[in-house]
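Observations on chain architecture
Residues per chain are reported as follows:
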Amino acid sequence: MDDCLFCKIIKGEIPSAKVYEDEEILAFKDINPMAPVHILIIPKNHIDGADKLNAENSAVVGKIFAAAAKLAEEYHLDGGFRIVTNVGENGGQTVRHLHFHLLGGTKLNTVLC
Ligand code: AMP
Ligand code: ZN
């Protein structure tokens, strides 16, 4: 996806503060953190959002959650954390490349919407 911000980050065309990378996923710090720890975890293969997941492309989601658990340990989020994915315009998704927000480092607000 030539026009996708996160694909450009994956290709290194736009800089990012990487915290984890393997063949299938990339994790980097959110540029506008909403919590002391705010990391975005994305598949390297472009998927528009959680609404476009299917039996063929969804295995990476398990890997993303496993990476989130590892990062949470690394960042000492012992008291808990949150993983969020916004979907589409009504869901507040501003970057149309599937991504999971890993938020923690403080007691998070319990309001879901
Ligand atoms: P969402 O609103 O769920 O689509 O999340 C998109 C997130 O991407 C927001 O939290 C932005 O702060 C973050 N973001 C946008 N541009 C960048 C960038 N260049 N590097 C890191 N995070 C970014
Ligand atoms: Zn993309």
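The following paragraphs examine the structure supplied in this document. Please read these numbers as outputs of a predicted model, since none were measured by experiment.

1. Remarks on the coordination of the zinc ion (ligand 2)
Protein coordination of the zinc ion (ligand 2) is provided by Cys4 (SG), Cys7 (SG), His46 (ND1) and His97 (ND1), with donor distances spanning 2.0 to 2.3 Å. With four donor atoms in place around the zinc ion (ligand 2) and angles of 100 to 117° between them, the coordination shape is tetrahedral. Mapped onto the sequence, the donors of the zinc ion (ligand 2) take the spacing C-x2-C-x38-H-x50-H. Of the two residues, Cys4 is situated in the segment before α1 (5-11) and His97 in the loop between α3 (88-91) and β5 (100-104); the sequence distance between them amounts to 93 residues. On the accessibility criterion, His97 (0% relative accessible area) is buried.

2. Notes on the environment of Lys44
Among the structural elements, Lys44 can be located in the loop between β3 (37-43) and α2 (59-74). Each C-alpha atom of the pair Lys44 and Lys107 lies 31 Å from the other, and the pair is 63 residues apart in sequence. Sequence-distant contacts of Lys44, that is, excluding residues within four places in its chain, are made with Ile10, Glu21, Asp22, Glu23, Glu24, Ile25 and Leu26. Here Glu21 takes part through its side chain, which lies 2.8 Å from a polar atom of the side chain of Lys44.

Calculation criteria
- Residues numbered from 1 in each chain as written.
- Chains lettered and ligands numbered in written order.
- Predicted model: local features only at pLDDT ≥ 70, side-chain atom pairs only at ≥ 80, totals over all residues.
- Heavy atoms only, no water.
- Donors = N, O, S within 2.8 Å, 3.2 Å for Na, K, Ca; no water.
- Tetrahedral: all angles 85-135°; square planar, octahedral: opposite > 155°, others 65-115°.
- Helix = DSSP H or I, 4+ residues; strand = E, 2+ residues; numbered from the N terminus.
- Buried < 20%, exposed > 50% of the residue type's maximum accessible area, 1.4 Å probe, protein only.
- Contact = heavy atoms within 4.5 Å.
- Polar contact = N/O pair within 3.5 Å; in protein donor to acceptor, adjacent residues only side chain to side chain.

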